[in-house]
Each structure stands twice: as C-alpha cells, then as structure tokens.
Amino acid sequence: MGREIKIFDTTLRDGEQSPGCSMNLEEKLEVAKQLEKLKVDVIEAGFAIASPGDFTSVKRIAEIIKDCTVASLARALPKDIDQAWEAVRYAKQPRIHTFIATSDIHMEYKLKMTKEQVLEQAVAMVKRAKKYCSDVEFSAEDASRSNPTFLYQVLQAVIDAGATVINIPDTVGYATPSEYARLIRGVRENVSNIDKTQISVHCHDDLGLAVANTLAAIEAGAIQVECTINGIGERAGNAALEEIVMNLHTRKDIYQKECRVDTKQLYPSSRLISAITGVQVQPNKAIVGSNAFAHESGIHQHGVLANKSTYEIMTPESIGLAQNKMVLGKHSGRHAFEDRLQYLGYSLDKEQLDGIFEEFKKLADKKKVVTDRDVEALIHQKRIRTPQVYRLERFVINSGNTITSTAAVQVRKQEEIIEEVATGDGPIDAAFNALDKLVGITFTLDDYSLQSVTEGKDALGEVIVKLKKGENIYTGRGLSTDVIEASVKAYINAINKILNESGTDEGGES
Ligand code: KIV
Ligand code: ZN
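Starting afresh in each chain, residues are numbered from 1 along the sequence in its written order. Following the order in which they are written, the chains are lettered starting with A and the ligands numbered starting with 1. With pLDDT at 70 or above as the cut-off, local features in this predicted model cover only qualifying residues; side-chain atom pairs require 80 or more to be listed or tallied, and sums for whole chains, interfaces and linings still use all residues. Note that water and hydrogens are dropped before the side-chain values are worked out from all heavy atoms of the structure.

Asks: When you look at the pattern of salt bridges in this model, what are you seeing that I'm missing?
Replies: Once the charged atoms of two side chains with opposite charge are near each other, the side chains can pair. One speaks of a salt bridge when a side-chain nitrogen belonging to Lys or Arg is within 4 Å of a carboxyl oxygen belonging to Asp or Glu. Within this structure, the stated rule accounts for 32 salt bridges. For Asp67, the salt bridge identified is with Lys39, shortest N-O distance 3.7 Å. Of the two residues, Asp67 sits in the loop between α3 (52-64) and β3 (69-75) while Lys39 sits in the loop between α2 (25-38) and β2 (42-46), which places them 28 residues apart along the sequence. Take Lys39: its relative accessible area is 34%, and that puts it in the partly exposed class. Across the pair Glu243 and Lys285 runs a salt bridge whose closest N-O atoms are separated by 2.6 Å. In this pair, Glu243 is assigned in helix α10 (residues 241-250) and Lys285 in the loop between α12 (266-277) and α13 (298-306), connecting sequence segments 42 residues apart. The same class applies to Glu243 and to Lys285, which are both buried. Among the charged side chains, a network of salt bridges with common partners joins Lys39, Asp41, Asp67 and Arg260. Runs of E in the DSSP output that reach at least two residues are strands. Runs of H or I that reach at least four are helices, and both are numbered from the N terminus. Residue burial is assigned from relative accessible area. The probe radius is 1.4 Å, only protein chains are included, and a residue is buried under 20% of its type maximum, exposed over 50%, and partly exposed in between.

Asks: Would you mind showing me how to read the site of ligand 1 here?
Replies: Whether a residue is near a molecule or strand depends on its heavy atoms: if one lies within 4 Å, it is near. Surrounding ligand 1, one finds Arg13, Asp14, His97, Phe99, Ser139, Glu141, Asn167, Pro169, Thr171, His202 and His204. Polar contacts, as used here, are pairs of N or O atoms within 3.5 Å; protein pairs need one atom able to donate a hydrogen and one able to accept it. Residues neighboring in sequence count only if both atoms are side-chain atoms. With respect to ligand 1, the side chain of His202 contributes an N or O atom lying 3.1 Å from an oxygen atom. The side chain of His204 places a nitrogen or oxygen atom 3.0 Å from an oxygen atom of ligand 1. Computed with a 1.4 Å probe, the accessible areas rest on the Shrake-Rupley method; for each residue, only the protein chains presented here act as cover. If ligand 1 stood free it would expose 260 Å²; the protein chains cover 94% of that surface. Taken together, the elements giving at least two residues each to the shell around ligand 1 come down to α1 (11-15), β4 (94-101), β5 (136-141) and β6 (165-170).

Asks: Help me out: how do you make sense of unusual backbone geometry in this one?
Replies: The bulk of non-glycine residues show a negative phi, and the bulk of peptide bonds are trans. Despite not being glycine, Asp142 has its phi angle at roughly 60°, a positive value. Looking at the element boundaries, Asp142 is found in the loop between β5 and α7 (148-160). By relative accessible area, which is 0% here, Asp142 ends up buried. The backbone of Ile287 sits at a positive phi, close to 70°, despite the residue not being glycine. Here Ile287 is to be found in the loop between α12 and α13. Residue Ile287 is classed as buried on the basis of its relative accessible area, which comes to 8%.

Asks: Hey, could you run me through the domain arrangement of the protein in this one?
Replies: Accessible area lost upon the coming together of the parts is a frequently used measure of interface size. If you check the domain split of the protein, you get domain 1 (6-277), domain 2 (322-383) and domain 3 (391-502). Where each domain begins and ends follows an automated or database-derived domain assignment. Between domain 1 and domain 2, the C-alpha centre-to-centre distance is 37 Å. At the junction of the two partners, domain 1 supplies nine residues and domain 2 supplies eight residues. The term buried area denotes the loss of accessible surface (1.4 Å probe radius) that occurs when two parts are joined, taken as the sum for both partners. Roughly 710 Å² of surface becomes buried between domain 1 and domain 2 when both sides are summed, with 39% attributable to carbon and sulfur atoms. The partner of Arg271 in a salt bridge is Glu376, and the shortest N-O contact between them spans 3.3 Å. Linking domain 1 with domain 2 are one residue pair in polar contact (both at pLDDT 80 or more), by the criterion used here. Those elements giving two or more residues to the side of domain 1 that touches domain 2 turn out to be α2 and α12. Ten residues, namely Ala, Val, Leu, Ile, Met, Phe, Trp, Tyr, Cys and Pro, are considered nonpolar, four, namely Asp, Glu, Lys and Arg, are considered charged, and the remaining ones, Gly among them, are considered polar. Here the residues of the side of domain 1 that touches domain 2 sort into four nonpolar, two polar and three charged. We call two residues in contact whenever any of their non-hydrogen atoms come within 4.5 Å of each other.

Asks: Can you walk me through the coordination of the zinc ion (ligand 2) in this structure?
Replies: Only Asp14 (OD), His202 (NE2) and His204 (NE2) from the protein reach the zinc ion (ligand 2) as donors, at distances of 2.0 to 2.1 Å. Metal sites are built from N, O and S donor atoms within 2.8 Å, or 3.2 Å for Na, K and Ca, and they leave out water, so they may look incomplete. Along the chain, the residues donating to the zinc ion (ligand 2) are arranged with the sequence spacing D-x187-H-x1-H. Of the two residues, Asp14 sits in helix α1 while His202 sits in strand β7 (residues 198-203), which places them 188 residues apart along the sequence.

Asks: I keep staring at the packing of aromatic side chains and nothing clicks. Help me out?
Replies: Aromatic ring pairs are defined here through the distance separating the ring centres and the angle between the ring planes. A pair of aromatic rings is counted whenever rings of Phe, Tyr or Trp (Trp by its six-membered ring) have centres within 6.5 Å, and the orientation is called stacked for planes under 30 degrees apart, edge-to-face for over 60 and tilted otherwise. Taken as a whole and assessed by the stated rule, the structure comprises seven aromatic pairs. Here the aromatic rings of Trp85 and Tyr132 are separated by 5.8 Å at their centres, their planes lie at 10°, and the arrangement is stacked. Residue Trp85 is found in helix α4 (residues 78-88), and its partner Tyr132 is found in helix α6 (residues 115-132); the two are separated by 47 residues along the sequence. Pairing Phe432 with Tyr491 gives two aromatic rings, centres 3.9 Å apart and planes at 10°, and the pair type is stacked. Here Tyr491 lies in helix α18 (residues 483-501) and Phe432 lies in helix α17 (residues 427-439), a separation of 59 residues in the sequence. Exposure remark for Tyr491: the relative accessible area of 3% places this residue in the buried category. Through a chain of ring-to-ring contacts, the aromatic side chains of Phe432, Phe443, Tyr448 and Tyr491 assemble into a single cluster. Our definition puts a charge over a ring when NZ of Lys or CZ of Arg is within 6 Å of the ring centre and also within 35 degrees of the ring normal. Positioned above the aromatic ring of Phe357, the side-chain terminus of Arg334 is 5.7 Å from the ring centre.

Asks: Quick question: what am I supposed to make of the sheet that holds strand β12 (residues 444-452) here?
Replies: Pairing between the strands of a sheet is mediated by backbone hydrogen bonds and can be parallel or antiparallel. Being paired, for any two strands, means DSSP has found at least two bridges between them. Ordered by their spatial adjacency, three strands build an open sheet running β12-β13-β14, and the pairing between neighbours is antiparallel. The open sheet has two free edges, formed respectively by β12 and β14 (472-480), since each of these has just one partner strand. On average, each strand axis in the sheet is inclined to that of its neighbour by 15°, with strand direction left out of account. Inspection of the sheet shows strand β13 (residues 461-469) paired to β14 by nine bridges, in the antiparallel sense. Within β14, the position partnered with Lys466 by the bridge is Thr475. Each axis is a line fitted through C-alpha atoms, taken for helices only over the stretch in contact, and angles between the N-to-C directions span 0 to 180 degrees. This element, α18, spans β12, β13 and β14 of the sheet and lies at about 145° to β14.

Below, the structure is given as structure tokens:
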C-alpha cells in the first residue's frame, strides 16, 4: 500500500468557531479524548490567543493527550505565536500552526499589506515559531484564490524558514476538484524545496465540494488532510472527516492510501459531537446519518437479505454502528448493561458508570424497552459533567387550551430550596419564565428543539436549548420521557453552563 495520509482534525478550532457549535472546557476535553481514541494524527485544539478560555482549553488538551500531535492556531503575529507556544508547550508532540492570507483580495482589503510585507511577515513568524517548536505548520489562507506564482514564492520561503507542513486551504470553498488537484500538482512542481515538508489541504464546503476537493488533492500528492467530525465548521462547514476516511477505506483500490484512524470510532465520535453541540446530523448524511445504512424499499431489502453487498458498499460495523440490537429492560442487571456499553464502544470510569446505571434503571421503569439510542443519550447526558449551580427539585404545571399556563418550579441551590411561579404562553414558556425569575440573570432563548430519541409513545424526548448571553451561546440538553421535564432540565443545564463560565460554580456535578 502507498503512503500514509495524516488526518488533522480541526473540530475544536474551525468546527467550534462556527455558529451554534461552541463548547465549554469540559466538553472540549471530552472531544479531545474521543479524537485520540479515533486515532487522528493531529488535534487542532483551538486558537490560543482568541480568549483566556481558548488558551486554557488548548493547554489542558496539550497536557492530557499523549498519542496525537496537539496544535494551536496563530495568526502570523508575534503575540499569537508566543501565546500558541505557551498553550502547546507541554504537549508530547506540540505544533504551532500559523497562517496569513496570500490572495490579492485578502491582502488588499483585510490585511492592508503588500505582497512583500506578507512574504516578510510569513517568513519572520515561521522563524519565530521554529525557535520554540520543531513542528511548524504554515497556512496560506485563501490559497486557492491566490496568484499561483506568489503562492509558490511564499511557500518556498516558509519552507526555507523551517515550516514542516505547508497548508493550501480552499478557505472559501471556491475550488473545483480538478482545479484544486492542479494547484497541488503546481505546488509540487514549482516549489523546489517541497520535499523538505508535507503538503496539507483544508477545504470548506460552500459549493458542497469539500470532500471531493480533499480526495482530489490526495490523488495529486497531499499528505495531510484537515477536516472536522460531521463536517462542522465556518459557513457550510469543513470537509467531513468520516467521509474522507471511509472513502480511503472503501476505495483502497483507487486511492491506495492508508490512514491510522480506527473507523469503528467514527459513529461514536459523530454522536458525541452532535450531542455536545446540539447540532443534529441530517438523516441522509453520508456515513453517519441515521438513514446511511437503512434499506427501506422492498427491492433493496430483498437484495440485502440475499447478499449484503447487493446494496451495501461498507458495513455498519466498520463505522462502529452496532448491528446486534440487544434490548435492555428493567430486569437487565449491571453486568448486561456494562456489556452493552462495551459493545457500543464506550469505556467509562466507575463514577460515570454508577450514575448512568442509576439513570438507566429509572428509565427502564418508565419504558418497556431501552434501546442503544436511549443508552447513548443517557451516556452523553452524564459524560459531560457540568457543575450544577441549580438542580431541579420539582415542578407543577397547570395548562390547557382555554387557560393561561402557570408553572411553579422548585430548584435547589446548594442547601437552599427556591421556588418561583410564572405564567406563559403554554407550559414550557411558563416554566422557562419561572426559571428566569429564579436565577435573576439576563439572557435570551436563541433556539429550542425537541426530538424523540426513539420511536413509540414512551420514547425519551431530547430537548436542546441554546441560550445567548452577550456574544456567547450556551447549549443545554435535557432528557426525559416527559417533554416538559426534558425542557426544564435543558434550560437549567444551559443556565448552569452560563453560571459556571462566569465563575459562580457552587454545586455538585451532573
Ligand atoms: O479556512 C482556512 O483558511 C483556515 C486557515 C486558518 C487554515 O481555517
Ligand atoms: Zn478553515
């Protein structure tokens, strides 16, 4: 088999900076651990200079991750490079990733710099980064719309300055596959010191071509590919990691390239990102969409039953989607539960397991059959521990289509029990109004969604709320067979996230 392709995951940087996908520190650590389990080569943990919170999360990820390179993004500015190094310096394999735009339009209108200044700045900052760190990546932002001759000149110079990886992004998702492949070949043919470095590609999905462009670039000689789980990212997103990996895996005959990703971790990774961000994966999304392995039509079902390969080009098992659908119920013991978690690819510490088993027992009392999706939902709810400033004690709602809804909500704040009553336009609005009065901080409800985890009247309802405070969005998640309870829990979860970030961390953990 040919060369190995390096998978550079930027879910925690390009993905996280996209609208509605922000994560708190605990969530980022959980994602980083999952990416290590997935065996990506590089985790771009964030943009250290962006805020103190970003700095802390890059640093914590650098400290805990042992089996992947950990990178921080940095503009080609001295303070960015210094801060990026401070954040990644304790990583086993640290990388500084610096960038500057090379297209005429970006240089003129965004940077207000001449070509000569950009070239000089790029070289100076790669040299500065190199003093700290042997592994330095340089990105020529908007490379696909840059003048190729100038691009070659910049790349040649930064390689001489010590860049170990040079990235050629299609920042605005404008390139077509043949054009992008031509650009990569052009770089290989016209940058004389190219063999001293690795070519990386980074594609956005504005025209729906991010994965196609990435694969075309691999065929043209790119070694590293930058991507995100579920394709989350700026605007239409980045190239989806799971699609690139499964293309390499399924069409080995064409690409003849390996990557070290454990494909069985693709589905759990996708579910984790979706649970944390509250951004649902569209059902028909390639590889990880809920319909990706469903065969509805009679002709297809008949074919698959006779021989799977009639309509299946990859197996659900290969991406970690469980096929043996063992169901659990109220008589299932801890052993069966633990076995199921293991089969689904989750390894939890004892404390997490105790908590989830307790939740499972409560759920099994209400629901005849507990499915894998239910178990997953419980895990994602418990796995991320948000310190609880407020905990729900109880609520009473009076509602109907001919009366104004009234909600009385009681919460615990440490040892104190607090209750408020409010009216609203329906039971959920009334409950949210009561909570607003209770917590006494201002924020707005940016988004609310409710969906059932599985089918059936006794299905678990999952509510995602997004609360906006200042410029930040806080995602809360609540689960219950009762949709009002799920809504109240999600609202409290998001409020707790706001309070934790503003330093009012008082309670236990959920
Ligand atoms: O899209 C882009 O150009 C980027 C760079 C910073 C790599 O995200
Ligand atoms: Zn990008």
